[in-house]
Amino acid sequence: MEQFGLDIKLLIAQVTNFLIFLFIFKKFISKPFGNYIANEKKKENEKEKMMKELSERYEKMKEEEKKWQLGMQKEKEAILSETAKIAERLKNDTLAQTKKDSEEILAKAEKQISNERQTLYDDLKRKTVDLSTYMVERGLREYLTEDVQRNLTNHIVNKLGKDVSKYEN
Amino acid sequence: MSQSMKTKYGKKKKVRVIKPIKAVITSAYQLNDTEINELKSKFPLMGTYEVENIINPAIHAGVIINVGTKRIDLSLERGLQNLKQFIYENS
């Protein structure tokens, strides 16, 4: 060995030194670091999995929202359509009622006018007749002397038939 | 009309005195006896009742005879009223 220039003691010391270093490296550096790396990798995987889940859930929610919006749109259209129908029906009913009311008012007014016209006509007729009879009475008062009254009375009594019971009341 | 009268028990009792029925003739002028008799002969309901003649110029001519609750209106005033009614109803 010495011929090759190797110091056996030094070699043994270096090998021992290396073995000690290897033992320490393995025990205190390599293993904890490996564990740390493995943990980090595990965490990363979990994060990715969670992200994927969240993304799926988000997509699902988005789809549900879309469906809900579609449903709401349909419902809104149905409500609008129904409201329009109701409004149309109400409008028609109101128009019909108004027409009926106005016709009734018109008929009532026409009847009232007719009644008032009849009342005026009756009043005028009554006044005309009253005035005529008043004039006749006044004329009679001037014309009827006692002789004329006597003759008229005799004429009235004489022209009665035999059956005078019909004049009784 | 009522008047007091003593009963056999000495108490006062009111009794109704009925007026005798009259034949009341209303005319526009004073009727003479001939006219009244003529009316009596025409209207037997006057019978032998006492006749009272009331003057009312408002009836113009003719007569109104009242006997009890019965009434015969033959006045010119009534004729005018009938004419008025006829014009009302037929014009």
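Our structure is the block above this text.
Report follows, based on the coordinates. Residue positions are given per chain, counted from 1 along the sequence in the order it is written. Labels follow written order: the first chain is A, the first ligand is 1, and so on. For a predicted model such as this one, the threshold for reporting local features is a pLDDT of at least 70, and the threshold for listing and counting side-chain atom pairs is 80 or more; totals across whole chains, interfaces and linings nevertheless cover every residue. The side-chain values count all of the structure's non-hydrogen atoms but skip hydrogen atoms and water molecules.

1. Regarding the overall build of chain A
Part 1 of the argument: Strands here mean DSSP runs of E at least two residues long; helices mean DSSP runs of H or I at least four residues long; both are numbered from the N terminus. Within chain A, the secondary structure is distributed over two helices and zero strands.
Part 2 of the argument: Using a 1.4 Å probe on the protein chains alone, a residue whose accessible area is under 20% of its type maximum counts as buried, one over 50% counts as exposed, and one in between counts as partly exposed. Relative to its 169 residues, chain A shows a buried fraction of 8%.

2. Structural notes on the overall build of chain B
Part 1 of the argument: Of the regular secondary structure elements, chain B holds two helices and six strands.
Part 2 of the argument: Counting from the amino terminus, chain B carries its helices and strands in the arrangement β-β-β-α-β-β-β-α.
Part 3 of the argument: Here chain B, with 91 residues, has 33% of them falling under the buried criterion.
Part 4 of the argument: By definition in these notes, contact holds between two residues if any of their heavy atoms fall within 4.5 Å. Partitioning the contacts of chain B with sequence separation of at least 6, the portion at a separation of at least 24 is 50%.
Part 5 of the argument: Surface accessibility follows the Shrake-Rupley procedure with a 1.4 Å probe radius. Residue values consider only the protein chains on display as shielding. Total accessible area on chain B is roughly 6,200 Å²; 54% of this is exposed by carbon and sulfur atoms.

3. Brief notes about the interface of chain A and chain B
Part 1 of the argument: Every contact between the two is made by 26 residues of chain A and, on the other side, 28 residues of chain B.
Part 2 of the argument: We count a salt bridge whenever a side-chain nitrogen from Lys or Arg sits within 4 Å of a carboxyl oxygen from Asp or Glu. Lys84(B) is the salt-bridge partner of Asp130(A), the closest N and O atoms lying 3.4 Å from each other.
Part 3 of the argument: In protein, a polar contact means a hydrogen-donor-capable atom and an acceptor-capable atom, both N or O and within 3.5 Å, with residues adjacent in sequence counting only if both atoms are side-chain atoms; elsewhere, any N or O pair within 3.5 Å suffices. Remark: the boundary between chain A and chain B carries six residue pairs in polar contact (both at pLDDT 80 or more).
Part 4 of the argument: Broken down by secondary-structure element, the contributors of at least two residues to the side of chain A that touches chain B are α1 (8–143) and α2 (146–158) of chain A.
Part 5 of the argument: At ten residues, the largest contribution of residues to the side of chain A that touches chain B is made by α1(A).

4. A closer look at the nonpolar core
Part 1 of the argument: Membership of the largest hydrophobic core comes to 19 residues, with the highest contact counts inside it found for Leu39(B), Phe43(B), Met46(B) and Ile65(B).
Part 2 of the argument: Elements with a minimum of two residues in this core: α2 of chain A together with β3 (22–27), α1 (33–42) and β5 (63–67) of chain B.
Part 3 of the argument: Broken down by element, this core gets its largest block of residues, four residues, from β5(B).
Part 4 of the argument: Look past the residues within four positions of Leu39(B) in its chain and what remains in contact with it is Val157(A), Ile25(B), Leu31(B), Met46(B), Val63(B) and Ile65(B).
Part 5 of the argument: What is meant by a nonpolar core is a set of buried Ala, Val, Leu, Ile, Met, Phe, Trp, Tyr and Cys residues, joined one to another through side-chain atoms within 4.5 Å. Listed in part, the five residues of the second largest apolar core include Leu140(A), Ala61(B), Leu76(B) and Leu80(B).

5. What to know about the packing of α2(A) against α1(B)
Part 1 of the argument: In this description, a line fitted to the C-alpha atoms serves as the axis of each element, helices being fitted only across the stretch in contact, and the angle between N-to-C directions of two axes falls anywhere from 0 to 180 degrees. One way to put it is that α2(A) packs onto α1(B) with a least axis distance of 11 Å and a crossing angle of 15°. The orientation of α2(A) relative to α1(B) falls into the category roughly parallel. In this structure, α2(A) meets α1(B) at a crossing whose hand is left-handed. On the side of α2(A), the interface is formed by Arg150(A), Asn154(A), Val157(A) and Asn158(A), while α1(B) contributes Glu35(B), Glu38(B), Leu39(B) and Lys42(B).
Part 2 of the argument: The classification used treats Ala, Val, Leu, Ile, Met, Phe, Trp, Tyr, Cys and Pro as nonpolar, Asp, Glu, Lys and Arg as charged, and all other residues, Gly among them, as polar. Grouping the amino acids of the contact of α2(A) with α1(B) by side-chain chemistry returns two nonpolar, two polar and four charged. By definition in this entry, angles of less than 35 degrees are roughly parallel, angles greater than 145 are roughly antiparallel, angles of 65 to 115 are roughly perpendicular, and the rest are oblique. Two helices crossing with the near one rotated counterclockwise from the far one by less than a right angle form a left-handed crossing, whereas a clockwise rotation gives a right-handed crossing.

6. Description of the side chain of Asn66(B)
Residues and elements named next belong to chain B.
Part 1 of the argument: Secondary-structure assignment places asparagine 66 in strand β5.
Part 2 of the argument: At a separation of 3.4 Å, a polar atom in the side chain of asparagine 66 contacts the side chain of arginine 71.
Part 3 of the argument: In this structure asparagine 66 touches Lys22, Ala23, Val24 and Arg71, once residues within four positions along its chain are discounted.

7. Remarks on unusual backbone geometry
All names here are of chain B.
Part 1 of the argument: Even without being a glycine, histidine 60 presents a positive backbone phi close to 65°.
Part 2 of the argument: Tracing the backbone through its elements, the reader meets histidine 60 in the loop between β4 (50–55) and β5.
Part 3 of the argument: Owing to a relative accessible area of 4%, histidine 60 belongs among the buried residues under this scheme.

8. Details of the sheet that holds β4(B)
Whenever strands of a sheet pair, they do so through backbone hydrogen bonds, lying parallel or antiparallel.
Residue and element names in this part refer to chain B.
Part 1 of the argument: Here, any two strands with at least 2 DSSP bridges between them count as paired. Read across the open sheet, the four strands follow the order β4-β3-β5-β6; overall the sheet is mixed. Either end of the sheet is taken by a strand with one partner, and the two such strands are β4 and β6 (70–73). Sheet twist, expressed as the mean angle between neighbouring strand axes with direction ignored, is 15°.
Part 2 of the argument: The pairing of β3 with β4 spans six bridges and is parallel. Directly across from isoleucine 25, in β4, lies its bridge partner asparagine 53.

9. Remarks on the pairing of β3(B)
All names here are of chain B.
Part 1 of the argument: Taken across its six residues, β3 has five buried, putting it largely inside the fold.
Part 2 of the argument: For a crossover, the right-handed case is the one in which the path from the first strand over the helix to the second runs clockwise, viewed with the strands pointing away from the viewer. Crossover connection from β3 via α1 to parallel β4: handedness right-handed.
Part 3 of the argument: In this sheet, β5 lies alongside β3 in antiparallel orientation, the contact comprising five bridges. Note that in β5 the partner of isoleucine 25 across the bridge is isoleucine 65.

10. Here's the deal with the side chain of Ser27(B)
Residue and element names in this part refer to chain B.
Part 1 of the argument: Relative to the helices and strands, serine 27 resides in strand β3.
Part 2 of the argument: The class of serine 27 is buried, set by a relative accessible area of 0%.
Part 3 of the argument: Within the structure, serine 27 has its side chain in polar contact with the backbone oxygen of tyrosine 29 (distance 2.5 Å).
Part 4 of the argument: Not counting chain neighbours up to four residues away, the residues in contact with serine 27 comprise Asn53, Ile54, Ile55, Asn56, Ile59, Gly62 and Val63.

Function cannot be inferred from these measures alone, as they are strictly geometric.
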